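Survey of secondary and tertiary structure
This is what each chain is made of:
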Amino acid sequence: EVRTSAAFKVSEMTRMVMQTTSESGKPGGIDLVVREILPAIRELVTDPSQHVRAAFASNVMGLAPEVGVDITVRDVVELVLILLKDEFPDVRLNVISRLDKVSFMMGIDRLANELLPAIVDLAEDRNWRVRLAIIEHIPLLAKQLGKDLFHDDMNLGDLCLNWLGDCVFSIREAAIKNLKALTEVFGVEWSLDNIVPKVVSLFNQSTNYLYRMTALHAVSVLAEVIGPEILEEHFLPLVTDHACEDPVPNIRFVAAKTLGSIAKYARPESRESKIKPALKRLASSAESDADVVHFAEEALKSVSACA
């Protein structure tokens, strides 16, 4: 517990040493850090306690702005790379969640080469909370690493889409929000090439209705950011022509809810010619499921309220 507490205070202690020597006018603050503090904290990366290593991993990034570029590149980066290979998931996760403080000093190529294996391992961790945590940090990684590492041959793009098929609902839900965030980071054209086709394929190729439902949820969320043209060309036919005709009632009522939610992002002509007719079919006497009829009627009200 003492070592864990100390590991949490590494950056703060370094900052205090630098600040105290600066205010007193005494030279050698950085020399003191190199001579006394760095040798001590190097031992933390191999500490036998995973809790100590996890605490240090959550704090090590804070050293970079205190010690400057030269010492960060020479000493801190080495510690970061060791922590990224730690066998304990929380250690790696704590490093990844704070990469913004050191990534500009490591260089993108080196960072990516060391980071990808750690991300892949965390993405497939048996603990769903670990998987959830790495999903939530993907937008930060996207901003740091750029779109090149999210192409099909670089794993990250595939990982983001594979989470849509996770067995845990919370993971699938987070994966959908992540796709929206990636669209906001990389742009609509990137999403059209890399996300939209996969969402359509997830619906069309899934025999499990839960994954088809996930695809519809993704449509609802992505509709907020992809623009009316892509929505109407790629997603609207999926919902009106396929989801509304699905043999599973749960899919049909989710389709009705989806149409109700995306209507405001579609152009008026599409609402009149595509969305309303599909909802009227679901709300008609031809529909045998009462829940489907109910949600279709509610969705029609939402569509009619659109300006």
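Figured I'd write up the structure that's included with this text.

**Here we look at the packing of helix 15 (residues 228–242) against helix 16 (residues 249–262)**
Look at helix 15 against helix 16: their axes get within 10 Å of each other, and the N-to-C directions meet at 150°. Judged on the interaxial angle alone, helix 16 and helix 15 are roughly antiparallel. The segment helix 15 lies against helix 16, with L231, L236, V239 and T240 engaging A255, T258, L259 and I262. Counted by class, the contact of helix 15 with helix 16 contains six nonpolar, two polar and no charged residues.

**Here we look at the packing of helix 11 (residues 169–186) against helix 14 (residues 209–226)**
Viewed as axis vectors pointing N to C, helix 11 and helix 14 meet at an angle of 30°, and their least axial separation amounts to 9 Å. With respect to each other, helix 11 and helix 14 are oriented roughly parallel. At the point where helix 11 passes helix 14, the crossing takes the right-handed sense. Each of R172, I176, L179, K180, T183 and E184 in helix 11 lies in contact with helix 14, whose residues at this interface are Y211, T214, H217, A218, V221, L222, E224, V225 and I226. Each residue belonging to the contact of helix 11 with helix 14 can be placed in one class, and the counts come to eight nonpolar, three polar and four charged.

**Considering empty space enclosed by the protein**
Applying the stated criterion to the full structure yields one cavity of 30 Å³ or more. By volume, the largest cavity amounts to about 50 Å³. If you go around the largest cavity, you meet ten residues; those closest to its centre are F150, G157, L161, W190 and N194. Among the secondary structure elements, those contributing two or more residues to the lining of the largest cavity are helix 10 (156–162) and helix 12 (188–194).

**Details of the pattern of salt bridges**
With the rule as written, the count across this model stands at 14 salt bridges. A salt bridge links D86 to R53, with the shortest nitrogen-to-oxygen separation between them at 2.5 Å. Here D86 is found in the loop between helix 5 (63–84) and helix 6 (89–96), whereas its partner R53 is found in helix 4 (residues 50–57), with 33 residues between them in sequence. The same class applies to D86 as to R53, namely buried. Of the charged contacts, one joins E272 and K276 as a salt bridge, the two residues approaching to 3.1 Å between their closest N and O atoms. Here the residue E272 and the residue K276 both occupy positions in helix 17 (residues 268–282), the gap between them amounting to four residues, near one helical turn. Judged by relative accessible area, E272 falls into the partly exposed class, the value being 49%. Judged by its relative accessible area of 17%, K276 is buried. Linked through salt bridges whose partners overlap, the residues forming this network are E229, E232 and R267.

**Considerations on the layout of surface pockets**
If you add up the space inside the largest pocket, you get close to 200 Å³. If you trace the largest pocket, you find it lined by F169, R172, E173, I176, K177, L210, M213, T214, H217, S220 and V221. Only helix 11 and helix 14 provide two or more residues apiece to the lining of the largest pocket. By residue number, the principal contributor to the lining of the largest pocket is helix 14, which donates six residues.

**Points about the environment of L132**
Among the secondary structure elements, L132 is positioned in helix 9 (residues 128–145). Look at L132 and you get buried, because its relative accessible area is 18%. Apart from residues lying up to four places away in sequence, L132 is in contact with S170, I171 and A174.

**A short note on the side chain of S270**
Checked against the element boundaries, S270 lands in helix 17. Polar contacts involving the side chain of S270 include one to the side chain of E232, which spans 3.2 Å. Excluding its chain neighbours within four sequence positions, the residues that come into contact with S270 are E232, L236 and I275.

**Topic: the nonpolar core**
Counting residues in hydrophobic clusters, the biggest one holds 103 residues, and the most contacted among them are F56 and W163. In terms of residues, this core owes the most to one element, helix 5, which gives ten residues. With residues up to four places along the chain from it excluded, the contact list for W163 reads A123, I134, I135, I138, I171, R172, A175 and N178.

**Points about the environment of R126**
Note on placement: R126 falls in the loop between helix 8 (108–123) and helix 9. Between the C-alpha atom of R126 and that of G187, which follows or precedes it by 61 residues, the distance is 32 Å.

Criteria and cut-off values
- Residues numbered from 1 in each chain as written.
- Predicted model: local features only at pLDDT ≥ 70, side-chain atom pairs only at ≥ 80, totals over all residues.
- Heavy atoms only, no water.
- Axes fitted to C-alpha atoms, helices over the stretch in contact; angles between N-to-C directions.
- Helix = DSSP H or I, 4+ residues; strand = E, 2+ residues; numbered from the N terminus.
- Parallel < 35°, antiparallel > 145°, perpendicular 65-115°, else oblique.
- Contact = heavy atoms within 4.5 Å.
- Nonpolar A, V, L, I, M, F, W, Y, C, P; charged D, E, K, R; others polar.
- Left-handed = near helix turned anticlockwise from the far one by under 90°.
- 1 Å grid on protein atoms, 1.4 Å probe; cavity = no way out; pocket = protein on both sides within 12 Å on 5 of 7 lines; lining within 4 Å.
- Points joined across faces, edges and corners; volume = space filled by probe spheres on them.
- Salt bridge = Lys/Arg side-chain N within 4 Å of Asp/Glu carboxyl O.
- Buried < 20%, exposed > 50% of the residue type's maximum accessible area, 1.4 Å probe, protein only.
- Polar contact = N/O pair within 3.5 Å; in protein donor to acceptor, adjacent residues only side chain to side chain.
- Core = buried A, V, L, I, M, F, W, Y, C linked by side-chain atoms within 4.5 Å.

Note that all results are geometric; they support no functional claim without further evidence.
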